[in-house]
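These are the residues of each chain, in order.
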Amino acid sequence: MLSCREITELVTAYLERAMPREQQLAFLKHMRECRVCWHYLRQVRATARALGRAPAAPPPAEVKAALLAQFRSWTPGVKKE
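The numbers attached to residues start from 1 for each chain and follow its sequence in the written order. Only residues with pLDDT of at least 70 get local features here, since the model is predicted, and only at 80 or more are side-chain atom pairs given and counted; chain-wide, interface and lining totals rely on the full set of residues. Excluded from the side-chain calculations are hydrogens and water; all other atoms, namely the structure's heavy atoms, are used.

(A) Expanded view of the overall build of the chain. Helical segments are the DSSP runs of H or I of at least four residues, strand segments are the runs of E of at least two, and each set is numbered from the N terminus. Within the chain one finds four helices and zero strands. Put simply, the chain runs from its N terminus to its C terminus through helices and strands in the order α-α-α-α. Scaling as 2.2 N^0.38, a compact globule of 81 residues should have a C-alpha radius of gyration of about 12 Å, whereas the chain reaches 20 Å, well beyond that. Along the three orthogonal principal directions, the C-alpha set of the chain runs to about 55 × 30 × 20 Å. Contacts are assigned to residue pairs with any non-hydrogen atoms lying within 4.5 Å of each other. Counting only contacts in the chain whose residues sit at least 6 apart along the sequence, the fraction spanning at least 24 positions is 52%. Surface exposure of the chain reaches about 6900 Å², of which carbon and sulfur atoms provide 58%. Averaging the locations of the 14 positively and 7 negatively charged side chains of the chain gives two centres separated by 9 Å. Every radius of gyration here is taken over C-alpha atoms, with the globule rule written as 2.2 Å times N^0.38, N being the number of residues. Note on areas: Shrake-Rupley with a 1.4 Å probe; residue coverage comes only from the protein chains shown. Here the positive residues are Lys and Arg and the negative ones are Asp and Glu; neither His nor the chain ends is included. We put the charge of a Lys on NZ, of an Arg on CZ, of an Asp on CG and of a Glu on CD.

Right under this line is the structure:
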């Protein structure tokens, strides 16, 4: 059986449906038996939904300018150290 600590590390993979079938079954078994983790999963799911509906804030002007400068000076295939 998965531990509560393992469950917290696997919640994102579960929500994104990115875990192997056997691990998913173990995850769901733990959820049926552990109300604390079940509530944690509900909280993470609700948070993800709320953040998905939140409007994206534009970056500060200085951050935008710095990023644009980096992109403009970028040469494909050349790594800068």
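Picking up where we left off.
(B) Focus on the packing of aromatic side chains. Centre distance within 6.5 Å is the pairing criterion for rings of Phe, Tyr and Trp, where only the six-membered ring of Trp is used; planes under 30 degrees apart are then read as stacked, over 60 as edge-to-face, and the remainder as tilted. Under the counting rule described, the total for this entry stands at one aromatic pair. Ring centres of Y14 and F27 lie 4.4 Å apart, and the angle between their planes is 20°; this geometry places the pair in the stacked category. Remark: F27 occurs in helix α2 (residues 21–33) and Y14 occurs in helix α1 (residues 4–15); sequence separation between them is 13 residues. We call a residue buried when its accessible area falls under 20% of the maximum for its residue type, exposed when it is over 50%, and partly exposed in between, using a 1.4 Å probe and counting protein chains only. Assessed through its relative accessible area of 0%, F27 is described here as buried. Each ring is checked for a lysine NZ or an arginine CZ that lies within 6 Å of its centre and within 35 degrees of its normal; such an atom marks a charge sitting over the ring. For the cation-ring pair, R35 lies above W38, with the distance from its terminal atom to the ring centre recorded as 4.4 Å.

(C) How the structure looks around the pattern of salt bridges. When a carboxyl oxygen of Asp or Glu lies within 4 Å of a side-chain nitrogen of Lys or Arg, that pair is called a salt bridge. In this structure the tally under the stated criterion is two salt bridges. In this structure, K29 engages E33 in a salt bridge whose closest nitrogen and oxygen atoms are separated by 3.1 Å. With a gap of four residues between them, K29 and E33 both fall in helix α2, about one helical turn apart. Exposure remark for K29: the relative accessible area of 38% places this residue in the partly exposed category.

(D) Structural detail: the packing of α2 against helix α3 (residues 35–53). Where α2 meets α3, the axes come as close as 6 Å, and the angle between the chain directions of the two elements is 110°. Between α2 and α3, the crossing angle belongs to the class labelled roughly perpendicular. You can see that α2 and α3 cross each other, and the crossing is left-handed. Residues F27, H30, M31 and E33 of α2 pack against R35, C37, W38 and L41 of α3. When the residues that make up the contact of α2 with α3 are grouped by side-chain class, the tally is five nonpolar, one polar and two charged. Between N-to-C directions, angles span 0 to 180 degrees; the directions come from axes that are lines fitted to C-alpha atoms, helices contributing only their stretch in contact. Roughly parallel means an angle under 35 degrees; roughly antiparallel, over 145; roughly perpendicular, 65 to 115; everything else is oblique. Crossing handedness follows the turn of the near helix against the far one: under a right angle anticlockwise gives a left-handed crossing, and clockwise gives a right-handed one. The nonpolar class holds Ala, Val, Leu, Ile, Met, Phe, Trp, Tyr, Cys and Pro. Asp, Glu, Lys and Arg form the charged class, and all remaining residues, Gly among them, are polar.

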